[in-house]
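Residues per chain are reported as follows:
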Amino acid sequence: MNILYLEDNQMDAALVQRYIETTDHQLDVVATLDDADAVLSDNTDLLLIDIMIDNERSGLDFVRYLRDRGFDKQIIAVTALSSNDDIENCREVGCNAVLIKPFNITQLAEIINY
Amino acid sequence: MAITNENLTDSLNVYEEREDLRATFIQTISISFIIIGILLIGSASQSVASSWFLTMMPWVLLCVGSGFSLYFKKKQPAISGVLLTGIVPVAIGCQQVFVEYTPALSYLLLLSVIIGIGFLKEQYVVFLPLIPIVSTIAFDSYHNGVLWFATDTLYISILACATAAAGYGILDHARGMVTWAFDRQNKSFVRAESFYDQGEKLRKATYELERAKEQVEEISGAKSVFLSNMSHELRTPLNMVIGYTSSILDMPQMYENQEVPEVFRKDIELIKSSGEYLLTLINDILDLSKIESGKFEINPVAFDINPVLEGVMATALGLVKEKPIQLKPDFDSDLSLIHGDPMRIRQILLNLMSNAVKYTVSGSVVLSVKQQGDEIRIAVTDTGMGIPEETIATIFDRFEQVQNNSNIQGTGLGLDISQRLAEMHGSRINIESTVGAGSTFSFSLPLATEEQTAEFTGDETIHELTGIKRFDVAEPEAPESTWKTKRTVLIAEDDSTTRDLLLRTFEANNYKVFDVQDGDDVYDTASALLPQLIILDIVLPNRDGWTILDDLKADEETAHIPVIVLSAHIDDTDLRKEKAEMCLVKPINTHNILKHANQAIESHQRITMEA
């Protein structure tokens, strides 16, 4: 599976990278919305996205934009926001699931391998 | 009437009004006397035929003088007074000199003097009447060649004096009344001024209060933003702690397939659990700060408490671990819908249950839910160390813990938050406790009204606040199944492939599934959850499946649960058949197992109904 991870925190990205390296999946990490837009292609099977990009919830708008554009692959929101409202917002814009930070590795494994 | 700036200048106009009043007074008196003068002069002059000019002159003088006095009455009351006091006597004088002397005219003279009283200092006023009296008598005596006491004017003078005195008295009284009126007005004015002052002070105080309120709101808002940001900041390094400790412990493939050496494992697990504890602390603090700043909202709806209870029991089981504590559910069957926020009720229950487990060394923790009238009473009873009387009062205060055993880990905030959550639902958590024997924490919740029940959607969006929340795996609701008939099944299987298969099969068919992998856990979990069905693999680690079956049937609480046994050997199918519903041989046929499961539950329901 080709996975794209949009994350502006270097350390969080590294953790995910470390795990994916042990699997058969391919991981690309980008740090800005523009890069994500550029790298995203028909080959992308799964998008992991940190909602709080640039300290604003602009990740949500990006997800909405992607869904409107016809991107129908799995989108998983990765976020430290944990209020009920925030999770509902993720669902509303079209995310398939939410992974709440901090997560442990088995949770990450489960959500990717589902 | 509010005291404003406009009203204040109105009050100042009192002074102008006073002048007005005085002027009007003069005007009224002078007009009336002028009229009398005109009448008297007119009547007198008719009796003497004389030149037209001489007859008219006093009239003219009177009119002119009156005109002037009226003109001056407002601006120069003194001039007005002089004119009045001057003109009339002049007119009379002329009358006397040029026309004919009549004693009645002296009356006018005197009265005109009285008007002058209004403008002279009081002490001189007394002497005023003497002047015209004496001059009149002298004039009369001279004119008529008679001695003064024989003149007519004497008697008229006496009469005039009496009138003057009376007039003076009246005027004085009038003036007194006017002064009194002015005084009153003055006092009102002073009072108005003080009201105005007070009003000013009030306005200033209100303004300052509003400023202070704005400041407080700003600070509170800043505090919320700060805490929210801090929460986010704190979670990021925690991601590293929890993420990597779990990797080291559970993912050897990330470390060139090297397992973590046993000697390190315990310490690394400690780091991981500390990280998890920090996470609960952050969540508690964030909750508490939201509650305090009034920004904490609950979303009460009509909901079914059964899934919440099952979830709580399952989580509490995880807390028991190796302690010899039995978790027992005691739920009324057929509970109605409750009105409340399911996520927060779950939060309260988890807190109470985890406290009960924490403070109990051995024995039991019972979660009881009973329907009474129009409410549900929930109680958590443990056989723990109990709480002393004095501590019960303060136990809900922040950071208070029963300081007995420093091994007991807790944020100290949980009960505080739970009590506040209960209060937000219109309830209160009550404690009954005996030291050494145990404690009961209880509270009640209202049943959903008909109106609220009508809005029930059965859509249980209770989000866990950690880990994973999946949206697209909605349990497909069979059309005839309602919230009442969701079934729970406990799967005891240590082989992961089989277990996964069973989990997926049952979940996809509207079952709520719990699973265990260790033989030791089966009985405890079953007695805590009281599922409607147990699928039991005969070969489990640590405890033999048949023994477990015996345990289950021996306990009257779990005896009624139908058990489907899974085995790898055909030979086992005959054994202990009366205790198990059936014995299925692996590999399992998922279609069959579902059919058998449903049959087992339904036939069992029939039995219990007939009983």
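So, how was this worked out
Residue positions within a chain follow its written sequence, with the count starting from 1. For naming, the first written chain is A and the first written ligand is 1, with later ones following in the order written. The model is predicted, so local features are restricted to residues of pLDDT at least 70 and side-chain atom pairs to those at 80 or more, both for listing and for counting; the totals for chains, interfaces and linings are taken over all residues. Only hydrogens and water are set aside; all other atoms, that is, all heavy atoms of the structure, feed into the side-chain values. Secondary structure follows DSSP: runs of H or I at least 4 residues long count as helices, runs of E at least 2 residues long count as strands, and numbering of each begins at the N terminus. Exposed residues in this analysis have more than 50% of their type's maximum accessible area, buried residues have under 20%, and partly exposed residues fall in between, with area computed by a 1.4 Å probe over protein chains only. Contacts are assigned to residue pairs with any non-hydrogen atoms lying within 4.5 Å of each other. Computed with the Shrake-Rupley method and a 1.4 Å probe, the accessible areas treat only the protein chains shown as cover for residues. As a working definition, buried area equals the accessible area (1.4 Å probe) given up by two parts on being put together, with both sides summed. A side-chain nitrogen of Lys or Arg and a carboxyl oxygen of Asp or Glu constitute a salt bridge if their distance falls within 4 Å. Pairs of N or O atoms within 3.5 Å make up the polar contacts considered here, provided that, within protein, one atom can donate a hydrogen while the other can accept it, and that residues adjacent in sequence are counted only when both atoms are side-chain atoms. When residue character is reported, Ala, Val, Leu, Ile, Met, Phe, Trp, Tyr, Cys and Pro are called nonpolar, Asp, Glu, Lys and Arg charged, and the others, Gly included, polar. Being paired, for any two strands, means DSSP has found at least two bridges between them. A fitted line through C-alpha atoms represents every axis, and for helices the fit uses only the stretch in contact; the resulting angles, taken between N-to-C directions, go from 0 to 180 degrees. The handedness criterion is simple: a crossing whose near helix is rotated anticlockwise from the far helix by less than a right angle is left-handed, and one whose near helix is rotated clockwise is right-handed. Each patch groups residues whose relative accessible area exceeds 30% and which form no salt bridge, using 9 Å between like charges and 5 Å between nonpolar side chains of Val, Leu, Ile, Met, Phe, Trp and Tyr. Expected helix span is given by 1.5 Å per residue-to-residue step, counting one fewer step than there are residues. Geometric relationships in this document are graded by angle, where less than 35 degrees denotes roughly parallel, more than 145 denotes roughly antiparallel, 65 to 115 denotes roughly perpendicular, and other angles denote oblique.

Asks: Run through the overall build of chain A, naming residues and quoting values.
Replies: Scanning chain A from N- to C-terminus turns up 5 helices and 5 strands. Going from N to C terminus, chain A has its helices and strands arranged as β-α-β-α-β-α-β-α-β-α. For chain A, the proportion of its 114 residues judged to be buried stands at 54%. Here the analysis covers contacts within chain A between residues at least 6 apart in sequence; of these, 63% occur between residues at least 24 apart. When the accessible surface of chain A is split by element, carbon and sulfur atoms take 39% of a total near 5000 Å².

Asks: Residues and numbers for the interface of chain A and chain B, please.
Replies: Each partner contributes residues to the interface: chain A has 34 residues there, and chain B has 31 residues. Carbon and sulfur atoms make up 60% of the surface buried where chain A meets chain B, a total of about 3200 Å² over both sides. The tally of links between chain A and chain B comes to 0 salt bridges. Our count for the contact surface shared by chain A and chain B stands at 4 residue pairs in polar contact (both at pLDDT 80 or more). Put simply, the parts of the chain that give the side of chain A that touches chain B at least two residues each are α1 (10-21), α4 (84-93), β5 (97-100) and α5 (105-113) of chain A. Counted by class, the side of chain A that touches chain B contains 19 nonpolar, 9 polar and 6 charged residues.

Asks: How would you summarise the pairing of strand β6 (residues 430-434) of chain B if you had to cite specific residues and measurements?
Replies: Residues and elements named next belong to chain B. Bridge count for β6 against strand β7 (residues 438-446) is 5 bridges, and the pairing is antiparallel. If you follow I431 over to β7, its bridge partner there is F441. As consecutive antiparallel partners, β6 and β7 are separated by 3 residues, and within that stretch G436 has a phi angle of approximately 90 degrees, a positive value.

Asks: Give a description of the packing of helix α10 (residues 342-358) of chain B against helix α12 (residues 414-424) of chain B that names residues and reports values.
Replies: Residues and elements named next belong to chain B. Taken N-terminus to C-terminus, the directions of α10 and α12 make an angle of 140 degrees; their axes are 9 Å apart at the nearest point. In terms of crossing hand, the pair formed by α10 and α12 is left-handed. Contact residues: R344, Q347, I348, N351, L352 and N355 in α10; G414, L415, I417, S418, L421 and A422 in α12. Per-class residue counts for the contact of α10 with α12 are 6 nonpolar, 5 polar and 1 charged.

Asks: Which residues make up a nonpolar patch on the surface, and what values go with them?
Replies: A surface patch of nonpolar side chains, amounting to about 420 Å² of accessible area, comprises V146, L147, W148 and F149 of chain B. Within the secondary structure, W148 of chain B sits in the loop between α6 (130-144) and α7 (152-250).

Asks: If you had to explain the side chain of Q419 of chain B to someone new, which residues and values would you point to?
Replies: Note that Q419 of chain B resides in helix α12. Once residues lying within four places of it in the same chain are set aside, the contact partners of Q419 of chain B are F396, R428 and I429 of chain B.

Asks: Which residues make up the side chain of T440 of chain B, and what values go with them?
Replies: Residues and elements named next belong to chain B. Within the fold, T440 resides in strand β7. At a separation of 3.4 Å, a polar atom in the side chain of T440 contacts the side chain of T381. Setting aside its immediate chain neighbours within four residues, T440 contacts A379, V380, T381, N430, I431 and E432.

Asks: Mind laying out the environment of M11 of chain A, listing which residues take part and the relevant values?
Replies: One can find M11 of chain A in helix α1. Residue classification places M11 of chain A among the partly exposed residues on the basis of a relative accessible area of 46%.

Asks: Pulling in residues and values, what's your account of helix α3 (residues 58-69) of chain A?
Replies: Relative to the 16 Å expected for 12 residues at 1.5 Å per residue, α3 of chain A spans 17 Å between its end C-alpha atoms, a close match to the ideal helical length. After α3 of chain A finishes, the residue G70 of chain A shows a positive phi value of roughly 105 degrees.

Asks: If you had to explain the packing of helix α9 (residues 305-320) of chain B against α10 of chain B to someone new, which residues and values would you point to?
Replies: All names here are of chain B. As a packed pair, α9 and α10 sit with axes 10 Å apart at the nearest point and diverge in direction by 30 degrees. One finds that α9 runs roughly parallel with respect to α10. Every pair of crossing elements has a handedness; the one defined by α9 and α10 is right-handed. On the side of α9, the interface is formed by V308, L309, G311, V312, M313, T315, A316, L319 and V320, while α10 contributes P342, R346, L349, L350, M353, S354 and V357. Along the lines of polarity and charge, the residues of the contact of α9 with α10 split into 12 nonpolar, 3 polar and 1 charged.

Asks: Go over the sheet that holds β7 of chain B, please, and point to the residues and values.
Replies: All names here are of chain B. Taken together, the 5 strands give an open sheet; going across it, the order is β2-β4-β5-β7-β6, and neighbouring strands pair in mixed fashion. With partners counted over all chains shown, the strands left at the sheet margins are β2 (325-331) and β6, one partner each. Between one strand axis and the next, the sheet turns through 15 degrees on average, direction left out of account. Of the strand pairs in this sheet, strand β5 (residues 375-382) and β7 are connected by 8 bridges, and their pairing is antiparallel. By the bridge assignment for β7, V380 is matched with F441.

Don't take any of this as a statement about function, it's just geometry.
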